[in-house]
Structures are given as structure tokens and as C-alpha cells.
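# Chain and residue survey
Residue-level listing of the chains:
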Amino acid sequence: VQLVESGGGLVQPGDSLTLSCAASGFTFSEYRMRWYRQAPGKEREFVAYISGPGGTLNVANSVKGRFTISRDNGKSTVYLQMNNLKPEDTAVYYCKVVVEAHDYWGQGTQVTVSS
């Protein structure tokens with residue numbers, strides 16, 4: 001199993017970014033995919049999940065209305081569209097999948113929101 005995040009960067013408050021997580025090594029369409037983030041000095045926190053077929057999704061209250069999770073099963077990729085970014089969204093963003101009771105994480109992508 002391999003997960004590779006991309007799309008992070010330095011943006012200003014109010015800007016948008018779309019993160020991608022390319023997956024391989026498992027049948028992507030059958031698994032729920034999750035995004036987490038970890039800010040400096042804080043614990044890693046849940047951001048969003050989406051079911052295998054994509055019909056069920058949820059986002060954390062802290063980002064509801066601003067972040068959207070989606071997936072393209074044909075490309076084995078999950079996305080996190082982030083709008084109206086705030087300084088408190090600054091963190092390393094990770095995608096995660098649980099396969100056969102084992103947690104797999106990507107290496108993360110840094111998002112910095114600063115004026």
C-alpha cells in the first residue's frame with residue numbers, strides 16, 4: 001500500500017487549495033479514504049472521510065462549509081478541496097487508509113496559510 005499526497009503550499013488567508021492523494025497497492029474503490037492534519041505542537045486530527053463508492057462522506061466541524069472531500073476511483077486518487085483558508089488551517093495534511101486492520105499513511109503535504 002502506498003499513499004502519496006501533493007498539492008500543498010504557502011497561501012494567503014481566503015485562498016483555495018486542492019490536495020491530492022494518489023493510492024496504489026490495494027483495490028482503491030473498495031476502501032474508505034480519510035484526510036487528517038497535524039499542526040505544530042498539536043495532535044493529529046481528523047478532517048474528512050469518504051466511502052469507497054463515494055456516496056458517504058463527512059467533514060470535521062472545524063472545516064465544514066469550507067472543505068470538500070471527493071475521489072476518482074478510476075485514478076485511485078482522493079482529493080481535499082479547501083476554500084477560504086484560515087491561518088489555523090496551517091498543518092501537514094495526511095491521507096490514510098485502513099487495509100486489513102492496518103493503518104497506512106502518506107508522507108504528508110504542508111499547507112501554510114499566512115499573510
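Our subject is the structure listed above.
Residues numbered from 1 in each chain as written. Predicted model: local features only at pLDDT ≥ 70, side-chain atom pairs only at ≥ 80, totals over all residues. Heavy atoms only, no water.

### Some details on the sheet that holds strand β8 (residues 77–82)
Pairing is antiparallel across the open sheet formed by four strands, whose spatial order is β1-β3-β8-β7. At either margin of the open sheet sits one strand with a lone partner, and together these are β1 (2–6) and β7 (67–72). This sheet shows a mean twist of 15° between the axes of neighbouring strands, independent of strand direction. Across six bridges, β7 lies against β8 in antiparallel orientation. Among the inter-strand pairings, Ser70 is bridged to a residue of β8, identified as Tyr79. (Pairing = 2+ DSSP bridges. Helix = DSSP H or I, 4+ residues; strand = E, 2+ residues; numbered from the N terminus. Axes fitted to C-alpha atoms, helices over the stretch in contact; angles between N-to-C directions.)

### Regarding the pairing of β1
Alternating residues of β1 divide into Leu3 and Glu5, all buried, and Gln2, Val4 and Ser6, none buried. Note that β1 and strand β3 (residues 17–24) share five bridges and pair antiparallel. Note on β3: the bridge partner recorded for Ser6 is Ser20. (Buried < 20%, exposed > 50% of the residue type's maximum accessible area, 1.4 Å probe, protein only.)

### A word on the packing of aromatic side chains
Summed over the entire model, instances satisfying the criterion amount to six aromatic pairs. With a centroid separation of 6.2 Å and 50° between ring planes, the pair formed by Phe26 and Phe28 is classed as tilted. The class for Phe26 is buried, based on a relative accessible area of 15%. Relative to Trp105, the ring of Tyr94 has its centre 6.3 Å away and its plane inclined at 90°; by these criteria the two rings are edge-to-face. Within this pair, whereas Tyr94 is found in strand β9 (residues 91–99), its partner Trp105 is found in strand β10 (residues 102–105), the two being separated by eleven residues in sequence. Given the relative accessible area of 13%, Tyr94 is considered buried. Through a chain of ring-to-ring contacts, three or more aromatic side chains come together here, namely Tyr36, Phe46, Tyr49, Tyr94 and Trp105. One residue, Arg44, lies across the ring of Tyr94, its end atom 3.7 Å from the ring centre. In this arrangement the basic side chain of Arg44 is found over the ring face of Trp105, its NZ or CZ atom lying 4.5 Å from the centre. (Phe/Tyr/Trp six-rings, centres within 6.5 Å; stacked < 30°, edge-to-face > 60°. Lys NZ or Arg CZ within 6 Å of the ring centre and 35° of its normal.)

### Brief notes about the nonpolar core
By size, the foremost hydrophobic cluster in this structure holds 29 residues, and its most contacted members are Met33, Trp35, Leu80, Met82 and Tyr93. With five residues, β9 is the largest single contributor of residues to this core. (Core = buried A, V, L, I, M, F, W, Y, C linked by side-chain atoms within 4.5 Å.)

### Let's talk about the pattern of salt bridges
Scanning the entire structure with this criterion turns up four salt bridges. When the shortest N-O distance is used, the salt bridge between Asp89 and Arg66 registers 2.7 Å. Of this pair, Asp89 sits in the loop between β8 and β9 while Arg66 sits in the loop between β6 (57–59) and β7; the two residues are 23 residues apart in sequence, bridging distant segments of the chain. Accessibility assignment for this pair places Asp89 and Arg66 in one class, buried. Between Asp103 and Lys96 there is a salt bridge, with the nearest N and O atoms lying 3.5 Å from each other. The partly exposed category is assigned to Asp103, whose relative accessible area is 37%. Owing to a relative accessible area of 10%, Lys96 belongs among the buried residues under this scheme. Linked by salt bridges that have partners in common, Arg37, Glu45, Arg66 and Asp89 make up one network. (Salt bridge = Lys/Arg side-chain N within 4 Å of Asp/Glu carboxyl O.)

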